[in-house]
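# Understanding the architecture of this molecule
What follows is the residue order along each chain.
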Amino acid sequence: WRVGPGALLEGIVAAHVPGTALPHLYFTFPDQYADFSEVHLTGRKIHPLTCFPVSEAEAKLVRAGQGEQLETFWEDKFIDPVDWERDGAI
């Protein structure tokens, strides 16, 4: 399993937090830090990712290749995707 922008790690949160409304992790580019698109370490270029917990309904958008639409929805509705205790946005 490879991590990359748009990747979904299914069930990982639920495996550690039974009964959570946000059972999956969604990976995307970090946008909360200016100029943080890459980091250079010992001759390697690393592209950092951010992961957010997502509900099953949100995961459906990610599976359909619509992760950017989900992120726009969060922004438009002022939803804090970092809030691990939130309900699903959809």
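In short, a report on the structure. (Residues numbered from 1 in each chain as written. Predicted model: local features only at pLDDT ≥ 70, side-chain atom pairs only at ≥ 80, totals over all residues. Heavy atoms only, no water.)

## Things to note about unusual backbone geometry
- With phi around 40°, Thr42 is a residue other than glycine that occupies positive phi space.
- With respect to the helices and strands, the residue Thr42 is situated in the loop between β3 (39–41) and β4 (44–46).
- For Thr42, a relative accessible area of 84% puts it in the exposed group.
- A positive phi is found at Phe78, a non-glycine position, where the angle reads about 55°.
- Within the fold, Phe78 resides in the segment after α3 (67–76).
- When its relative accessible area of 76% is taken as the criterion, Phe78 is described as exposed. (Helix = DSSP H or I, 4+ residues; strand = E, 2+ residues; numbered from the N terminus. Buried < 20%, exposed > 50% of the residue type's maximum accessible area, 1.4 Å probe, protein only.)

## Considering the packing of helix α2 (residues 56–63) against α3
- At their nearest, the axes of α2 and α3 sit 7 Å apart, and the two run at 135° to each other. Accordingly, the angle class assigned to the pair α2 and α3 is oblique. Listed contacts from α3 to Glu58, Leu61 and Val62 of α2 are Gly67, Gln69, Leu70 and Trp74.
- Residues belonging to the contact of α2 with α3 are distributed by class as follows: four nonpolar, two polar and one charged. (Axes fitted to C-alpha atoms, helices over the stretch in contact; angles between N-to-C directions. Parallel < 35°, antiparallel > 145°, perpendicular 65-115°, else oblique. Contact = heavy atoms within 4.5 Å. Nonpolar A, V, L, I, M, F, W, Y, C, P; charged D, E, K, R; others polar.)

## Describing the sheet that holds strand β1 (residues 8–9)
- Strand order in the open sheet formed by three strands is β1-β2-β5, with antiparallel pairing between adjacent strands. Since the sheet does not close on itself, it has two edges, and those belong to β1 and β5 (50–54), each with one partner.
- Pairing of strand β2 (residues 24–28) with β5, which is carried by five bridges, proceeds in the antiparallel orientation. By the bridge assignment, Thr28 is partnered in β5 with Thr50.
- Sitting on the sheet, α3 touches β2 and β5, and the angle it makes with β2 is about 95°. (Pairing = 2+ DSSP bridges.)

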